[in-house]
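Coordinates in review
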Amino acid sequence: MTNSLSNAALDQGSVERQLRARRDGGRRLLMPYVTGGITPDWTAYLRAFAAAGADAIEVGLPFSDPTLDGATIQEATDAALARGATTRQILADLAELPDLGIPLVASTYYNLVLHDGPEAFCAALRRAGVAGLIVPDLPLHEADELTGVAAAAGIELALLASPTTPEPRLAEIGRRSRGFVYAVSIMGTTGERADLAASATELTRRIKLGTDRPVLLGFGISTPEQAREAGRHADGVVVGAAVMRRVLDGAGPDDLRAFLATLRRALDQE
Amino acid sequence: MQTRDVLAWRASVAGSGVMGEPAARGRFGEYGGRYVPESLAEACREVDEAFRGAWADPGFRGALTRLLAVHVGRPTPLTPAWRLSGELGVQLYLKREDLTHTGSHKINNALGQALLATRMGRRRLIAETGAGMHGVATATAAALLGLEATVFMGERDMERQSLNVFRMRLLGAEVVPVTSGSRTLKDATSEAMRHWVGTTDDSHYCVGSVVGPDPYPWMVREFQRVIGEEARVQCAAELVTGVPDHVVACVGGGSNAAGTFAGFVDTPARFVGVEAAGGAGASGGRLGVLHGFRSLFLQDDEGQIIEADSIAAGLDYPGVGPEHAHLRDLGRARYVTVTDDEVLGATARLARTEGILPALESAHALAWVIRAAGSGELPAGSTVLLTLSGRGDKDVSTLKELL
Ligand SMILES: Cc1ncc(COP(=O)(O)O)c(C=O)c1O
């Protein structure tokens, strides 16, 4: 391991710098998710997210076999692919988008990263103005072949931590993650849930013992109450299925803006 | 803190040669690995640790061997296919996995993993199934050892293999229809993995082939090794040459082939894996990652996985086990494809010449032998060992429609 890895301040990229600055200013972070290419003018959702006070936006690049996603995001993925969405087109759409003032984080499965090779993939993200990356089926012990390539391309690869991640491994995830640490709130797939799992609180506490990188809590956060509760422990929340269910039900950018504004207010109240 | 300690994962193992233990980080050459969500990383580590302990424990090995004898009916015979051999001009021997209890090789692995699950204190088995044979085997092993079983099966396969759905339920298993994607094995596997994420504390995921995250490809091959080891001894007794010239098996994920090949890896026998033309991961796939492992998968130009399409539900998988991808790279085995029509012809031919109705999956291996004997690719007089992975009862309604 190199020294730079243990010296977080030296290798903070733009995602982490922006998230840290906001967090350190007392703000709870909000990162909504949208499945890229879900509608012909899907980037309008991104503008709405930014207008609603998002601090970062996660853009899913649809993959045919989303093994860590629950029914809602599976359905969104299928719908996007059925419309002919491709990584190439989604990135082209993003490249045309004016700067929203907040970082864009792509998320996808490793097969799509490998397809043209990690170098080409990361370079394409960069060209499209994407600064961060989440790959849910690339855990810490397999991340080596992407971490260096991503860093060289200026892409911050955020690692996921889960309630069953044991202690020394968790600290290593905190050290090697870039941008933020993605805390998976429960042992399950993505999808809306009635309550915030108790495991979420405990996991966030454990992650924070080992790192002061921003910790975003995701999986199952769907209501202002849950966001407020999550904001007591984590630095912010990721909201995916709750957004995509609305989109699938026909909600437009303005509806999503209104919904996210309720989450924004809940986080700000805390 | 040293990274190596945190990631301790057989780091000390160099890999014990071809078809030995995988190298560090579960690799067979560049394939394999453990590409799972973080939530499954600990569960995979636990399975690995438990399997290593069990496989090194004579008590476990003895218990499994006895179950395979008294419950499964092992050893299965090696049957010379006299009449068909005469027609083809080669000497064909069949390793009769169709004669196992439940009717396919899948029981060897299911029983091994069920026994491992009890050792790990798990109370439930999760499985995916295509043709339903692995589902039936898992349901059977669960019943035998007092475990619960939940089997995920694509809706399309439930229609194609409705008898097996009924069998599983009769055995006390819960069968969950999978309605996403192609509604076949690939989607059933995804759904089983999703389900496992939420149940790792009390459930063991009983993967049905040499696929999935490390240690599964290795562990399943070890549980299927019994096919090759028995056949090796039987060939030594039965064949003039002692060792067959060719060892042939069908390949979906590749478990019956891997188990068979493992018994002959130190011989000059040539290995042939036969895939379905519509599900040819090893023959037509490109590098990718799916269901926890790195291997060859059928994909389109955008990197989306292509749905496999074969008459044999058990071969309807767009990828191939990582060890097969490696054996292919090494040139130690070669992988070929046959069409649905050739398979139907081979099925009927074996039935009429030998009185054996093979599973459509197994008939793939036979279809290649018939073709290769005809074309001279298998020279006259060659000895061929073919693993007949399962019996055809489950396919009778399909055959009735098509023949
Ligand atoms: C009879 C039979 N043979 C072969 C297979 C394919 O599996 P594998 O390639 O793992 O042997 C199946 C799978 O369902 C099967 O039922």
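Computed from a prediction, not measured in an experiment: that's the story for all the values here.

1. Focus on the domain arrangement of chain B
Residues and elements named next belong to chain B. Looking at the assigned domains, one finds that chain B contains domain 1 (23-69 + 105-216) and domain 2 (73-104 + 225-402). Put simply, the middle of domain 1 and the middle of domain 2, counted by C-alpha atoms, are 22 Å apart. Residue-level contacts link 41 residues of domain 1 with 47 residues of domain 2. Carbon and sulfur atoms supply 58% of the area buried between domain 1 and domain 2, which totals about 3,500 Å² over both sides. Ranking the residues of domain 1 by area buried against domain 2 places Tyr 31, His 105 and Lys 186 at the top, with a combined share of 21%. One can count 2 salt bridges joining domain 1 with domain 2. Between Asp 316 and Arg 160 there is a salt bridge, with its nearest N and O atoms 2.7 Å apart. There are 22 residue pairs in polar contact (both at pLDDT 80 or more) connecting domain 1 and domain 2. Listing elements by their share of the side of domain 1 that touches domain 2, those giving two or more residues are strand 2 (31-32), helix 3 (58-72), helix 5 (106-119), helix 6 (133-145), helix 7 (155-160), helix 8 (162-170) and helix 9 (185-197). When residues in the side of domain 1 that touches domain 2 are grouped by element, the largest group, 5 residues, is from helix 9.

2. Topic: the UniProt feature "domain: Tryptophan synthase beta chain-like PALP" (unreviewed entry) in chain B
Here the UniProt feature "domain: Tryptophan synthase beta chain-like PALP" (unreviewed entry) sits at residues 73-390 of chain B. Spanning residues 73-390 of chain B, this segment combines 43% helix with 20% strand, and its end C-alpha atoms are found 14 Å apart.

3. Notes on the UniProt feature "active site" (unreviewed entry) in chain A
UniProt marks Glu 58 and Asp 69 of chain A with the feature "active site" (unreviewed entry), using the numbering shown here. The residue Glu 58 of chain A is located in strand 2 (residues 57-60) in this model. Excluding residues that lie within four positions of it along the chain, Glu 58 of chain A makes contacts with Met 31, Pro 32, Tyr 33, Val 34, Val 105, Ser 107, Ile 134, Tyr 182 and Val 238 of chain A. Residue position: Asp 69 of chain A is located in the loop between strand 2 and helix 4 (71-82). Residue classification places Asp 69 of chain A among the buried residues on the basis of a relative accessible area of 10%. Leaving out residues up to four positions away in the same chain, Asp 69 of chain A has contacts with Gln 74, Tyr 109, Thr 189 and Thr 190 of chain A together with Arg 194 of chain B. Only 2.8 Å separates the side chain of Asp 69 of chain A from the side chain of Tyr 109 of chain A, close enough to count as a polar contact.

The rules behind the values
Residues numbered from 1 in each chain as written. Chains lettered and ligands numbered in written order. Predicted model: local features only at pLDDT ≥ 70, side-chain atom pairs only at ≥ 80, totals over all residues. Heavy atoms only, no water. Domains from an automatic or database assignment. Contact = heavy atoms within 4.5 Å. Buried area = accessible area lost by both parts, 1.4 Å probe. Salt bridge = Lys/Arg side-chain N within 4 Å of Asp/Glu carboxyl O. Polar contact = N/O pair within 3.5 Å; in protein donor to acceptor, adjacent residues only side chain to side chain. Helix = DSSP H or I, 4+ residues; strand = E, 2+ residues; numbered from the N terminus. UniProt positions renumbered as here; feature names shortened; annotations may be inferred. Buried < 20%, exposed > 50% of the residue type's maximum accessible area, 1.4 Å probe, protein only.

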